[in-house]
Each structure stands twice: as C-alpha cells, then as structure tokens.
Amino acid sequence: MNQSEKEALAKQAEACLVSGQLEKAKSLYSRLVEIDSNDEEAWLMLAAVLGETGSLDEALSCAQRAIAVDPDYLEAYLTQAHILHRIGRIDEALQSALQAAEGDPTYAEAWLFLAGVAGQLQRWVDAESWAERALSLEPGNAEAHVNMANALYHQQRFEVAAASYRQALALQPTLFSAMLGLGNSMLAQGDFSEASTALEQALQVIPDNADARSSLGICYANQDRLSEAINILGEAVSEQPDNLPAQLNLGRALSLNGDMDDAMDCLNTAVRLAPDSVQARVFLGHALKQANRLTEAVAAYEEAQHLEPENGELCYFKAGVYLEQGRVDESINALRESLQLDPY
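Residues numbered from 1 in each chain as written. Predicted model: local features only at pLDDT ≥ 70, side-chain atom pairs only at ≥ 80, totals over all residues. Heavy atoms only, no water.

K.L.:
How do you make sense of the overall build of the chain when you look at a structure like this?
P.N.:
Of the regular secondary structure elements, the chain holds 20 helices and zero strands. For 344 residues, the compact-globule estimate of 2.2 N^0.38 gives 20 Å, and the chain exceeds it by more than 25% at 28 Å. Split into buried and exposed, the 344 residues of the chain put 47% on the buried side. In the chain, the proportion of contacts linking residues at least 24 apart, taken out of those at least 6 apart, comes to 45%. Of the roughly 17,200 Å² of accessible surface on the chain, a fraction of 46% belongs to carbon and sulfur atoms. The chain carries 22 positive and 52 negative side-chain charges, and their two centres are separated by 2 Å. (Helix = DSSP H or I, 4+ residues; strand = E, 2+ residues; numbered from the N terminus. Rg over C-alpha atoms; globule rule 2.2 N^0.38 Å. Buried < 20%, exposed > 50% of the residue type's maximum accessible area, 1.4 Å probe, protein only. Contact = heavy atoms within 4.5 Å. Areas by Shrake-Rupley, 256 points an atom, 1.4 Å probe, with all protein chains shown as cover. Lys, Arg positive; Asp, Glu negative; His and termini not counted. Charge placed at Lys NZ, Arg CZ, Asp CG, Glu CD.)

Structure representation (structure tokens):
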C-alpha cells in the first residue's frame, strides 16, 4: 500500500471515529498498524477508539506502542495518562501526564489533567500550582478555574476560592461543580444567604445530588428554616447515612424543632461516625441539655473536653448545666476555667 492509500485509509478511519462508527474505526486503525507497525499516530488513534469502547487494557497497550515508536510523542503520554486514570492506576497516570506537561510547558490540556488528578489525590498545593499553569495558558477555561477553586477551598482559603468559582460561572453559568463549590465556600464563610442561592441553583441542574442537598440543608438550619432543613437533610441522610455534616445538622435542626428522640438518634449516629469529633459531642450535649438530661449533657461536654482540653467554650457549656443542676460552686469554677483558657 502506497502513502496516498494509507492517508486515504486514515481519513476514512477518522471520519468513522467522528461519526461514532467505533467498530468500523477500530477495524480501519487496526489495519493501518498492521500495514505499518511504526505508525505512531495510528496506534494512538486505535488506543482512543479502544478507550471509547471500554477495552482499556488494549487501549493502554496501544498507547504504549505509540510511545515506543516515538518516545517524544507527548500526546501519547497524555492519552496513556487518561487510560491509566480510568483503570484506577492514579499515581502512574500522574507521572505520564507530567511527562507530557514537562515535555511541552505550553501543553494546557496536560496541566489541566494534572490539576484534576492532584485534587483527587488531595495534593492541594500541587493542584493549585498546576491549575495556575493551565490558567496562564487558557484563562477562559472554566474547568481550570474550578480546579483552582477546589485547591484553594481545601486549603481553607474560602474567599479566594469563591472568587475562582465565580469566574468559572461567568464562563459557564450552568456548571454544577462551580455552583456547588461556590455554595460550600460561602457556607464556610457563614454567608448562608448567598450559599443557599448557589446551592439551590446547583440543585436545579442536578436535583438528586446528595452533597448539594446536604450543604443546602445546613444553610437552612443556620437560617432557622427548620422544616426545610429537616426535609432536605433527611433526604441526604437517607442516601448517605455516613454523611457526618448532614447527620449533625439534621440532629441540630430536629432538636431545635423539639423532635428530641429523632435528634438523639442522629447525634448519637454522628458520634459513632466520628468518635474524635468535638462538634458531634457538643451538639449532643446541647440536645441533652434541652431535653433536661443534664447529667448526660455534662458527660457529653466532658468527652468533648477530653478531645480538646484547651477549648474554653466547653467549660462555659458545662458551667451552664451545673447552674441548672444547682451546683453553683462548680459552675463558678467552670466559668473561671473557661476564662483562663479563653480570656477574650
């Protein structure tokens, strides 16, 4: 087969791939690599087709063949990275993408992939750095803004994270991940009004998302919209029983609503889910105090204090219970201890 015939076959294969005729495209690319086993582009395209059909091991083998033919074929390294990622070999995917990005520092797609994978690995400093590289090359890329925002959020830099999520939404107004991220960033800053707006918009895009419903329920609980909070957090907990924030805030909302038995169930579940959570034991203590189970409330606060001995607020909580029990001297001592630990 001469060169012009090979080129015609490659164009036919590409047309089949673009039109979704994957089996035909697979057959044509397979023929091309049989004709010329040193055709790195055909190997890479065959890898792409096999990846689309779910034949990931074969796809990986083809991407590796492309690299063996041309060790400087950077697109093959990135394709290999995507396949490795889908297989679940995340660390290897990261290394392959790094070879692509370092081979060509202007390869925006490689930096974007790296930022996303670093986020999955919770390597937030790397994720921020690599998202910054992607944005320097493609400032209009909404996904890159979300990757940057995620990295900032998980470093507890909530204000700048929110700004990055807003930039993503300016570019792509219905981007669910940006709406959810903005809602969570504003929730972390205590701006429950803006957080609610963003999360409600997110749920218009993906109505059944448990994470968005959980965060929105927490907003409602903090806005004293108890019925709405109980409804939406109840749905979130039904879908994700191990969702600690949802369990905690559902318990809090139920207790404020006077549904003490259900509140105790949620809060005891939260303590079982997170035995080292001070907040879980504090919320349980508040509910026990509200139910006039004062001895148990003190025990809950003391367990929290065991986890966080320098927290003066816990002494203050105990002082209030002691006073209700008529233990005035102990209440005064607890208040003094609170002031020593937290004089301001």
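K.L.:
I would appreciate a short explanation of the packing of helix H13 (residues 210–222) against helix H15 (residues 244–256) in the present structure.
P.N.:
Between two packed helices, both the angle of their axes relative to each other and the distance between the axes serve to describe the pair. As a packed pair, H13 and H15 sit with axes 9 Å apart at the nearest point and diverge in direction by 30°. Between H13 and H15, the angle falls in the class roughly parallel. Along this stretch, H13 crosses H15, giving a crossing that reads as left-handed. When H13 is examined against H15, the residues Ser214, Ile218, Ala221 and Asn222 are found in contact with a partner set consisting of Pro245, Ala246, Asn249, Arg252 and Ala253. Considered class by class, the residues forming the contact of H13 with H15 number five nonpolar, three polar and one charged. (Axes fitted to C-alpha atoms, helices over the stretch in contact; angles between N-to-C directions. Parallel < 35°, antiparallel > 145°, perpendicular 65-115°, else oblique. Left-handed = near helix turned anticlockwise from the far one by under 90°. Nonpolar A, V, L, I, M, F, W, Y, C, P; charged D, E, K, R; others polar.)

K.L.:
Which parts of the structure should I look at to understand the nonpolar core?
P.N.:
Side chains that are nonpolar tend, in soluble globular proteins, to be buried together. One finds Leu78, Leu114 and Trp130 to be the most contacted residues of the largest nonpolar core, which totals 93 residues. When residues of this core are assigned to their parent elements, the largest contribution, eight residues, is made by helix H7 (residues 108–120). Excluding residues within four positions of it along the chain, Trp130 makes contact with Leu94, Leu98, Trp111, Leu114, Ala115, Ala118 and Arg123. (Core = buried A, V, L, I, M, F, W, Y, C linked by side-chain atoms within 4.5 Å.)

K.L.:
Sorry, what's going on with the layout of surface pockets here?
P.N.:
Rolled over the atoms, a probe as big as a water molecule pinpoints where empty space is left. Within this model, the largest pocket holds a volume of roughly 650 Å³. Forming the boundary of the largest pocket are 27 residues, of which Tyr153, Asn184, Leu187, Ser215 and Ile218 lie nearest the centre. Of all elements in the fold, only helix H9 (142–154), helix H11 (176–188), H13, H15 and helix H17 (278–290) reach the threshold of two or more residues within the lining of the largest pocket. Ranked by the residues each element gives to the lining of the largest pocket, the list is headed by H11, at six residues. Residues belonging to the lining of the largest pocket are distributed by class as follows: 12 nonpolar, 13 polar and two charged. (1 Å grid on protein atoms, 1.4 Å probe; cavity = no way out; pocket = protein on both sides within 12 Å on 5 of 7 lines; lining within 4 Å. Points joined across faces, edges and corners; volume = space filled by probe spheres on them.)

K.L.:
So what exactly am I meant to see when it comes to the pattern of salt bridges here?
P.N.:
A side chain with one charge can pair with a side chain of the opposite charge if their charged atoms come near. Per the stated rule, a full pass over the model turns up 11 salt bridges. Of the charged contacts, one joins Lys289 and Glu324 as a salt bridge, the two residues approaching to 3.8 Å between their closest N and O atoms. Of this pair, Lys289 sits in helix H17 while Glu324 sits in helix H19 (residues 312–324), and the two are 35 residues apart along the sequence. Here Lys289 falls in the partly exposed class, since its relative accessible area comes to 28%. As a salt-bridge pair, Arg293 and Glu296 come within 2.8 Å of each other at their nearest N and O atoms. Taking relative accessible area as the criterion, Glu296 reaches 39% and is therefore assigned partly exposed. Residues participating in the shared-partner salt-bridge network are Arg213, Glu235 and Glu239. (Salt bridge = Lys/Arg side-chain N within 4 Å of Asp/Glu carboxyl O.)

K.L.:
What exactly am I supposed to notice about the state of the cysteines here?
P.N.:
The bond known as a disulfide is covalent and runs between the sulfur atoms of two cysteines. A complete count under the given rule lists zero disulfides for this structure. Free cysteine Cys62: the closest other cysteine sulfur is in Cys16, separated by 17 Å. With no disulfide of its own, Cys219 lies closest to Cys266 among cysteine sulfurs, the gap being 18 Å. On the basis of relative accessible area, Cys219 is assigned to the buried category, the value being 0%. (Disulfide = S-S within 2.5 Å.)

K.L.:
What am I meant to see in helix H18 (residues 294–307) here?
P.N.:
Two residues of an α-helix separated by three or four positions point the same way, owing to the 3.6 residues in each turn. Taking 1.5 Å of rise per residue, the 14 residues of H18 would be expected to cover 20 Å, and the 20 Å separating its terminal C-alpha atoms lies within 8% of that figure. Buried within H18 we find Leu294, Ala297, Val298, Ala300, Tyr301, Ala304 and Gln305. Viewed along the axis of H18, the buried residues span an arc of 160°, placing them on a single side of the element. Pointing more than 90 degrees away from the buried face of H18 are the exposed residues Thr295 and His306. (Expected span 1.5 Å × (residues − 1). Arc of directions from axis to C-beta.)

K.L.:
I'm lost on unusual backbone geometry in this one. Help?
P.N.:
Excluding glycine, a negative phi dihedral is what most residues carry, and trans is how most peptide bonds are arranged. The residue Asp224 is not glycine, and still its phi comes out positive at about 60°. Following the sequence through the fold, Asp224 ends up in the loop between H13 and helix H14 (226–239). Residue classification places Asp224 among the exposed residues on the basis of a relative accessible area of 59%. Positive phi, normally seen in glycine, also occurs at Asn292, with a value near 65°. Looking at the secondary structure, you find Asn292 in the loop between H17 and H18.

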